[in-house]
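Residue-level listing of the chains:
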Amino acid sequence: DWDAASVIDEQVEAIRATVGDKRVLCALSGGVDSSVAAALVHKAVGDRLTCVFVDHGLLREGEAEAVEREFVASTGVHLVVVDARERFLTALAGVRDPEEKRKIIGREFIRVFEQAARDVVGEAAAEGHPVEFLVQGTLYPDVVESGGGTGTANIKSHHNVGGLPDDLQFALVEPLRDLFKDEVRKVGLELGVPEAIVWRQPFPGPGLGIRIVGEVTAENLATLRAADQIARHELTAAGLDRTIWQCPVVLLADVRSVGVQGDGRTYGHPIVLRPVSSEDAMTADWTRLPYDVLATISTRITNEVDGVNRVTLDVTSKPPGTIEWE
Ligand code: XMP
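Residues numbered from 1 in each chain as written. Predicted model: local features only at pLDDT ≥ 70, side-chain atom pairs only at ≥ 80, totals over all residues.

Trainee: Let's hear about helix H3 (residues 63–75): which residues, and what values?
Mentor: All of the buried residues along H3 are Glu63, Val67, Phe71 and Thr75. Residues of H3 that are buried make contact with strand E1 (23–28), helix H2 (32–45), strand E2 (49–55) and helix H8 (195–198). Glycine 76 lies just past H3 and shows a positive phi near 80°. (Buried ≥ 20, exposed ≤ 12 C-beta atoms within 10 Å, placed from the backbone. Helix = DSSP H or I, 4+ residues; strand = E, 2+ residues; numbered from the N terminus. Contact = placed C-beta atoms within 7 Å.)

Structure (C-alpha coordinates):
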(Lines give C-alpha, C1' and ligand atoms only; values in the text may rest on other atoms or scores of the structure.)
Protein backbone atom coordinates (compact mmCIF):
# COMPACT_ATOMS: atom_id res chain seq x y z
CA ASP A 1 0.00 0.00 0.00
CA TRP A 2 1.21 3.45 -0.92
CA ASP A 3 1.65 5.67 2.10
CA ALA A 4 2.69 9.33 2.03
CA ALA A 5 4.22 9.30 5.51
CA SER A 6 6.62 6.47 4.72
CA VAL A 7 7.58 8.00 1.36
CA ILE A 8 8.43 11.18 3.26
CA ASP A 9 10.51 9.27 5.84
CA GLU A 10 12.46 7.45 3.14
CA GLN A 11 13.15 10.58 1.13
CA VAL A 12 14.14 12.59 4.19
CA GLU A 13 16.76 9.95 5.04
CA ALA A 14 18.00 9.77 1.46
CA ILE A 15 18.27 13.55 1.20
CA ARG A 16 20.15 13.81 4.51
CA ALA A 17 22.56 11.07 3.48
CA THR A 18 23.31 12.79 0.18
CA VAL A 19 23.43 16.41 1.23
CA GLY A 20 25.40 15.93 4.43
CA ASP A 21 26.21 19.33 5.89
CA LYS A 22 26.21 21.13 2.52
CA ARG A 23 23.71 23.79 1.42
CA VAL A 24 20.82 23.42 -1.01
CA LEU A 25 19.13 25.89 -3.34
CA CYS A 26 15.64 25.70 -4.83
CA ALA A 27 13.72 27.82 -7.34
CA LEU A 28 10.07 28.03 -6.31
CA SER A 29 7.59 28.66 -9.11
CA GLY A 30 4.30 28.64 -7.23
CA GLY A 31 3.44 25.26 -8.72
CA VAL A 32 2.79 21.95 -6.97
CA ASP A 33 6.02 20.17 -7.88
CA SER A 34 8.64 22.72 -6.86
CA SER A 35 6.69 23.54 -3.68
CA VAL A 36 6.37 19.93 -2.53
CA ALA A 37 9.98 19.19 -3.44
CA ALA A 38 11.09 22.22 -1.43
CA ALA A 39 8.94 21.25 1.56
CA LEU A 40 10.40 17.74 1.52
CA VAL A 41 13.99 18.96 1.33
CA HIS A 42 13.26 21.49 4.06
CA LYS A 43 12.02 18.71 6.32
CA ALA A 44 15.31 16.92 5.71
CA VAL A 45 17.84 19.74 6.00
CA GLY A 46 15.96 22.70 7.53
CA ASP A 47 17.71 26.04 7.19
CA ARG A 48 20.43 24.62 4.98
CA LEU A 49 17.84 25.00 2.20
CA THR A 50 17.34 28.43 0.63
CA CYS A 51 14.44 28.91 -1.77
CA VAL A 52 14.36 31.64 -4.40
CA PHE A 53 11.07 32.92 -5.79
CA VAL A 54 11.30 35.12 -8.86
CA ASP A 55 8.15 37.24 -8.96
CA HIS A 56 7.86 37.95 -12.69
CA GLY A 57 4.45 39.55 -12.28
CA LEU A 58 2.80 36.99 -14.56
CA LEU A 59 1.08 34.90 -11.90
CA ARG A 60 -2.62 35.00 -11.18
CA GLU A 61 -4.27 36.92 -8.36
CA GLY A 62 -3.10 35.70 -4.98
CA GLU A 63 -0.50 33.23 -6.27
CA ALA A 64 2.62 35.20 -5.38
CA GLU A 65 1.17 35.78 -1.92
CA ALA A 66 0.44 32.05 -1.56
CA VAL A 67 4.15 31.38 -2.04
CA GLU A 68 5.55 34.37 -0.15
CA ARG A 69 3.26 34.14 2.88
CA GLU A 70 1.24 30.92 3.17
CA PHE A 71 3.92 28.54 1.95
CA VAL A 72 6.56 30.15 4.13
CA ALA A 73 4.25 30.22 7.15
CA SER A 74 3.21 26.59 6.81
CA THR A 75 6.64 25.09 6.04
CA GLY A 76 9.13 27.47 7.69
CA VAL A 77 11.20 27.54 4.50
CA HIS A 78 13.80 30.29 4.20
CA LEU A 79 12.72 32.24 1.11
CA VAL A 80 14.44 34.92 -0.93
CA VAL A 81 11.89 36.87 -3.02
CA VAL A 82 13.13 38.72 -6.09
CA ASP A 83 10.66 41.34 -7.28
CA ALA A 84 11.34 41.33 -11.03
CA ARG A 85 7.93 42.61 -12.14
CA GLU A 86 9.20 45.83 -13.70
CA ARG A 87 12.06 44.06 -15.41
CA PHE A 88 9.72 41.60 -17.13
CA LEU A 89 7.31 44.34 -18.20
CA THR A 90 10.18 46.30 -19.69
CA ALA A 91 11.55 43.26 -21.53
CA LEU A 92 8.08 42.45 -22.90
CA ALA A 93 7.14 45.98 -23.97
CA GLY A 94 5.87 46.09 -27.55
CA VAL A 95 6.16 42.31 -28.04
CA ARG A 96 3.15 40.55 -29.57
CA ASP A 97 4.58 37.36 -31.04
CA PRO A 98 3.91 34.31 -28.82
CA GLU A 99 7.26 32.60 -29.39
CA GLU A 100 9.07 35.86 -28.84
CA LYS A 101 7.25 36.30 -25.52
CA ARG A 102 8.18 32.78 -24.41
CA LYS A 103 11.83 33.34 -25.29
CA ILE A 104 11.99 36.65 -23.44
CA ILE A 105 10.27 35.29 -20.34
CA GLY A 106 12.52 32.21 -20.26
CA ARG A 107 15.66 34.25 -20.79
CA GLU A 108 14.81 36.87 -18.16
CA PHE A 109 13.86 34.18 -15.68
CA ILE A 110 17.23 32.47 -16.01
CA ARG A 111 19.08 35.77 -15.70
CA VAL A 112 17.21 36.84 -12.58
CA PHE A 113 17.47 33.42 -10.97
CA GLU A 114 21.16 33.20 -11.84
CA GLN A 115 21.89 36.50 -10.12
CA ALA A 116 19.91 35.47 -7.03
CA ALA A 117 21.66 32.09 -6.99
CA ARG A 118 25.07 33.80 -7.17
CA ASP A 119 24.14 36.01 -4.23
CA VAL A 120 22.99 33.05 -2.12
CA VAL A 121 26.01 30.93 -3.08
CA GLY A 122 28.39 33.83 -2.44
CA GLU A 123 26.99 34.63 1.00
CA ALA A 124 27.01 31.00 2.06
CA ALA A 125 30.58 30.55 0.83
CA ALA A 126 31.68 33.64 2.76
CA GLU A 127 30.33 31.91 5.87
CA GLY A 128 32.17 28.72 4.97
CA HIS A 129 29.13 26.82 3.71
CA PRO A 130 29.29 25.69 0.09
CA VAL A 131 26.00 25.36 -1.81
CA GLU A 132 26.33 22.18 -3.81
CA PHE A 133 22.79 21.06 -4.53
CA LEU A 134 19.80 22.32 -6.47
CA VAL A 135 16.28 20.96 -5.89
CA GLN A 136 14.20 20.06 -8.94
CA GLY A 137 10.57 18.96 -8.84
CA THR A 138 11.04 16.25 -11.47
CA LEU A 139 8.25 13.64 -11.42
CA TYR A 140 8.27 10.02 -12.54
CA PRO A 141 6.51 10.77 -15.86
CA ASP A 142 9.24 13.35 -16.66
CA VAL A 143 11.90 10.73 -15.91
CA VAL A 144 10.26 8.19 -18.20
CA GLU A 145 9.80 10.78 -20.94
CA SER A 146 13.47 11.66 -20.88
CA GLY A 147 14.46 7.98 -21.07
CA GLY A 148 15.83 7.45 -17.57
CA GLY A 149 13.07 5.25 -16.26
CA THR A 150 14.66 2.55 -14.14
CA GLY A 151 16.75 4.09 -11.38
CA THR A 152 15.26 5.08 -8.05
CA ALA A 153 18.18 7.26 -7.05
CA ASN A 154 17.07 10.74 -6.19
CA ILE A 155 20.34 12.37 -7.13
CA LYS A 156 21.73 12.86 -10.59
CA SER A 157 25.35 13.67 -11.25
CA HIS A 158 26.54 17.23 -11.82
CA HIS A 159 25.34 18.74 -15.00
CA ASN A 160 24.37 22.04 -16.42
CA VAL A 161 20.93 22.88 -15.09
CA GLY A 162 18.28 24.75 -16.98
CA GLY A 163 20.63 27.12 -18.77
CA LEU A 164 22.66 28.13 -15.73
CA PRO A 165 26.28 29.02 -16.58
CA ASP A 166 29.14 26.55 -16.19
CA ASP A 167 30.57 28.20 -13.10
CA LEU A 168 27.27 27.67 -11.26
CA GLN A 169 27.28 23.90 -11.03
CA PHE A 170 25.03 21.95 -8.74
CA ALA A 171 24.15 18.32 -8.22
CA LEU A 172 20.41 17.83 -8.52
CA VAL A 173 18.22 16.71 -5.65
CA GLU A 174 15.03 15.28 -7.15
CA PRO A 175 12.98 13.84 -4.28
CA LEU A 176 9.83 13.37 -6.41
CA ARG A 177 11.47 11.24 -9.10
CA ASP A 178 9.51 8.12 -8.16
CA LEU A 179 6.13 9.81 -7.80
CA PHE A 180 3.08 10.49 -9.92
CA LYS A 181 1.19 13.77 -9.65
CA ASP A 182 -1.54 12.43 -7.34
CA GLU A 183 1.14 11.05 -5.03
CA VAL A 184 2.98 14.37 -5.03
CA ARG A 185 -0.26 16.02 -3.90
CA LYS A 186 -0.66 13.51 -1.04
CA VAL A 187 2.92 14.10 0.05
CA GLY A 188 2.33 17.85 -0.11
CA LEU A 189 -0.79 17.65 2.04
CA GLU A 190 1.01 15.45 4.56
CA LEU A 191 3.81 18.06 4.72
CA GLY A 192 1.32 20.89 5.29
CA VAL A 193 1.79 22.63 1.94
CA PRO A 194 -1.20 25.02 1.47
CA GLU A 195 -4.15 23.55 -0.43
CA ALA A 196 -4.14 26.45 -2.90
CA ILE A 197 -0.75 25.21 -4.04
CA VAL A 198 -1.32 21.45 -3.72
CA TRP A 199 -4.48 21.56 -5.81
CA ARG A 200 -3.35 24.14 -8.34
CA GLN A 201 -4.23 23.12 -11.87
CA PRO A 202 -1.52 23.11 -14.55
CA PHE A 203 -0.30 26.62 -15.28
CA PRO A 204 2.29 27.50 -17.91
CA GLY A 205 5.71 28.77 -16.90
CA PRO A 206 5.28 31.96 -19.00
CA GLY A 207 2.09 32.52 -17.02
CA LEU A 208 -0.38 35.22 -17.96
CA GLY A 209 2.17 36.49 -20.50
CA ILE A 210 0.87 33.93 -23.00
CA ARG A 211 -2.78 34.47 -22.09
CA ILE A 212 -2.82 38.03 -23.38
CA VAL A 213 -3.25 38.04 -27.13
CA GLY A 214 -1.40 41.27 -27.74
CA GLU A 215 1.02 43.24 -25.63
CA VAL A 216 1.79 42.33 -22.02
CA THR A 217 1.27 45.61 -20.15
CA ALA A 218 0.51 46.33 -16.50
CA GLU A 219 -3.02 47.35 -17.52
CA ASN A 220 -3.69 44.23 -19.59
CA LEU A 221 -2.33 42.06 -16.78
CA ALA A 222 -4.63 43.75 -14.27
CA THR A 223 -7.63 43.21 -16.56
CA LEU A 224 -6.84 39.55 -17.15
CA ARG A 225 -6.08 38.92 -13.49
CA ALA A 226 -9.46 40.34 -12.47
CA ALA A 227 -11.36 38.25 -15.05
CA ASP A 228 -9.40 35.12 -14.20
CA GLN A 229 -10.05 35.56 -10.49
CA ILE A 230 -13.80 35.71 -11.11
CA ALA A 231 -13.77 32.63 -13.34
CA ARG A 232 -11.71 30.65 -10.85
CA HIS A 233 -13.88 31.73 -7.95
CA GLU A 234 -17.10 30.68 -9.68
CA LEU A 235 -15.68 27.36 -10.90
CA THR A 236 -14.54 26.59 -7.36
CA ALA A 237 -17.88 27.66 -5.89
CA ALA A 238 -19.64 25.30 -8.34
CA GLY A 239 -17.40 22.44 -7.19
CA LEU A 240 -15.85 22.01 -10.63
CA ASP A 241 -12.14 22.37 -9.79
CA ARG A 242 -11.38 18.70 -9.94
CA THR A 243 -13.68 18.01 -12.89
CA ILE A 244 -11.85 20.28 -15.28
CA TRP A 245 -8.18 19.79 -16.14
CA GLN A 246 -7.59 23.53 -16.32
CA CYS A 247 -9.40 26.62 -17.55
CA PRO A 248 -7.20 29.22 -19.16
CA VAL A 249 -8.80 32.66 -19.20
CA VAL A 250 -7.52 34.68 -22.14
CA LEU A 251 -7.64 38.42 -22.83
CA LEU A 252 -7.90 39.41 -26.49
CA ALA A 253 -6.07 42.69 -26.01
CA ASP A 254 -5.68 43.23 -29.76
CA VAL A 255 -9.40 42.75 -30.45
CA ARG A 256 -12.21 45.16 -29.70
CA SER A 257 -15.92 44.82 -30.21
CA VAL A 258 -18.88 47.09 -29.74
CA GLY A 259 -21.06 46.75 -26.70
CA VAL A 260 -23.63 48.65 -24.71
CA GLN A 261 -23.25 49.09 -20.98
CA GLY A 262 -25.11 51.46 -18.69
CA ASP A 263 -26.36 54.16 -21.04
CA GLY A 264 -23.57 54.17 -23.53
CA ARG A 265 -21.78 52.42 -26.30
CA THR A 266 -18.56 50.65 -25.33
CA TYR A 267 -15.69 49.46 -27.46
CA GLY A 268 -14.01 46.89 -25.27
CA HIS A 269 -12.05 43.67 -25.24
CA PRO A 270 -13.32 40.08 -25.20
CA ILE A 271 -12.38 37.51 -22.59
CA VAL A 272 -12.19 33.88 -23.70
CA LEU A 273 -12.94 30.99 -21.34
CA ARG A 274 -11.06 27.85 -22.28
CA PRO A 275 -12.21 25.03 -19.93
CA VAL A 276 -10.70 21.69 -20.95
CA SER A 277 -10.91 18.07 -19.91
CA SER A 278 -7.79 15.98 -20.38
CA GLU A 279 -5.71 13.08 -19.08
CA ASP A 280 -2.25 14.38 -19.88
CA ALA A 281 -2.63 17.67 -21.82
CA MET A 282 -1.49 15.92 -25.03
CA THR A 283 -5.10 15.82 -26.20
CA ALA A 284 -8.07 17.59 -24.67
CA ASP A 285 -11.76 18.17 -25.10
CA TRP A 286 -13.62 21.35 -24.22
CA THR A 287 -15.53 20.89 -20.99
CA ARG A 288 -19.33 21.12 -21.15
CA LEU A 289 -19.70 23.48 -18.20
CA PRO A 290 -23.20 24.04 -16.82
CA TYR A 291 -24.88 27.01 -18.54
CA ASP A 292 -25.73 28.68 -15.24
CA VAL A 293 -22.07 28.67 -14.19
CA LEU A 294 -21.07 30.17 -17.55
CA ALA A 295 -23.80 32.78 -17.20
CA THR A 296 -22.63 33.82 -13.74
CA ILE A 297 -19.02 34.09 -14.88
CA SER A 298 -20.01 36.13 -17.93
CA THR A 299 -22.25 38.51 -16.00
CA ARG A 300 -19.71 39.06 -13.28
CA ILE A 301 -16.79 39.66 -15.65
CA THR A 302 -18.63 42.16 -17.83
CA ASN A 303 -20.04 43.95 -14.77
CA GLU A 304 -16.89 44.00 -12.69
CA VAL A 305 -13.91 44.16 -15.03
CA ASP A 306 -13.21 47.53 -16.65
CA GLY A 307 -12.57 47.38 -20.37
CA VAL A 308 -14.21 43.99 -20.95
CA ASN A 309 -17.62 43.98 -22.64
CA ARG A 310 -17.87 40.43 -23.96
CA VAL A 311 -17.19 36.88 -22.71
CA THR A 312 -16.79 34.02 -25.16
CA LEU A 313 -16.42 30.25 -24.78
CA ASP A 314 -13.79 28.27 -26.69
CA VAL A 315 -15.41 25.06 -27.95
CA THR A 316 -12.37 23.62 -29.74
CA SER A 317 -10.82 20.28 -28.86
CA LYS A 318 -7.04 19.65 -28.92
CA PRO A 319 -6.15 18.95 -31.67
CA PRO A 320 -6.69 21.14 -33.59
CA GLY A 321 -6.58 23.85 -30.92
CA THR A 322 -3.86 23.88 -28.27
CA ILE A 323 -4.98 24.38 -24.67
CA GLU A 324 -3.29 27.75 -24.42
CA TRP A 325 -3.95 30.42 -27.04
CA GLU A 326 -0.29 31.26 -27.51
P1 XMP B 1 -0.83 23.45 -25.04
O2 XMP B 1 -1.19 24.89 -25.12
O3 XMP B 1 0.44 23.14 -25.78
O4 XMP B 1 -0.52 23.16 -23.52
O5 XMP B 1 -1.96 22.53 -25.45
C6 XMP B 1 -0.35 21.88 -22.97
C7 XMP B 1 -0.13 22.00 -21.48
O8 XMP B 1 1.13 22.63 -21.21
C9 XMP B 1 0.94 23.86 -20.53
N10 XMP B 1 1.89 24.79 -21.14
C11 XMP B 1 3.07 25.11 -20.61
N12 XMP B 1 3.64 24.75 -19.45
N13 XMP B 1 5.52 26.10 -19.97
C14 XMP B 1 4.87 25.25 -19.13
O15 XMP B 1 5.40 24.96 -18.07
C16 XMP B 1 5.01 26.50 -21.15
O17 XMP B 1 5.62 27.27 -21.88
C18 XMP B 1 3.71 25.98 -21.48
N19 XMP B 1 2.90 26.15 -22.54
C20 XMP B 1 1.78 25.41 -22.32
C21 XMP B 1 -0.50 24.24 -20.74
O22 XMP B 1 -1.02 25.06 -19.69
C23 XMP B 1 -1.16 22.89 -20.78
O24 XMP B 1 -1.36 22.36 -19.48
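Trainee: Tell me about the domain arrangement of the protein, and name the residues and values.
Mentor: Assigned domains within the protein: domain 1 (4–198) and domain 2 (211–313). Each of domain 1 and domain 2 was reduced to a C-alpha centroid, and the two centroids are 30 Å apart. Counting residues at the interface gives 9 residues for domain 1, matched by 8 residues for domain 2. By residue class, the composition of the side of domain 1 that touches domain 2 is 3 nonpolar, 2 polar and 4 charged. (Domains from an automatic or database assignment. Nonpolar A, V, L, I, M, F, W, Y, C, P; charged D, E, K, R; others polar.)

Trainee: Report on the site of the ligand, specifying residues and quantitative values.
Mentor: For the ligand, the full set of nearby residues is Arg102, Pro202, Pro204, Gly205, Pro206, Gln246, Ala281, Lys318, Thr322, Ile323 and Glu324. Looking at the shell around the ligand, its residues break down into 5 nonpolar, 3 polar and 3 charged. (Near = placed C-beta within 6 Å.)

Trainee: Let's hear about the pairing of strand E3 (residues 78–83): which residues, and what values?
Mentor: As judged from the 6 bridges shared by E2 and E3, these two strands associate in the parallel manner. Bridge pairing in E3 links valine 52 to valine 80. Of the crossover connections in this fold, the one passing from E2 over H3 to the parallel E3 is right-handed. (Pairing = 2+ DSSP bridges. Right-handed = clockwise from strand over helix to strand, strands pointing away.)

Trainee: Can you tell me about the packing of helix H1 (residues 4–19) against helix H7 (residues 181–190), naming the residues and giving the values?
Mentor: Across the interface, H1 lies against H7 with an axial gap of 9 Å and an inter-helix angle of 80°. Between H1 and H7, the interaxial angle falls into the category roughly perpendicular. On the side of H1, the interface is formed by Ala4, Ala5, Val7 and Ile8, while H7 contributes Lys186, Val187 and Glu190. The class makeup of the residues in the contact of H1 with H7 is 5 nonpolar, no polar and 2 charged. (Axes fitted to C-alpha atoms, helices over the stretch in contact; angles between N-to-C directions. Parallel < 35°, antiparallel > 145°, perpendicular 65-115°, else oblique.)

Trainee: Go over unusual backbone geometry with me, naming the residues and quoting the values.
Mentor: Most peptide bonds are trans, and most residues other than glycine sit at a negative phi. Omega for the bond connecting lysine 318 with proline 319 falls within 30 degrees of zero, at -10°, which places this linkage in the cis form. Counting through the fold element by element, proline 319 comes out in the segment after strand E12 (308–313). Along the chain, proline 319 connects to proline 320 via a cis peptide bond; the corresponding omega equals 10°. Positive phi, close to 70°, is recorded for alanine 281, a residue that is not glycine. The residue alanine 281 is located in the loop between strand E10 (276–277) and strand E11 (285–286) in this model.

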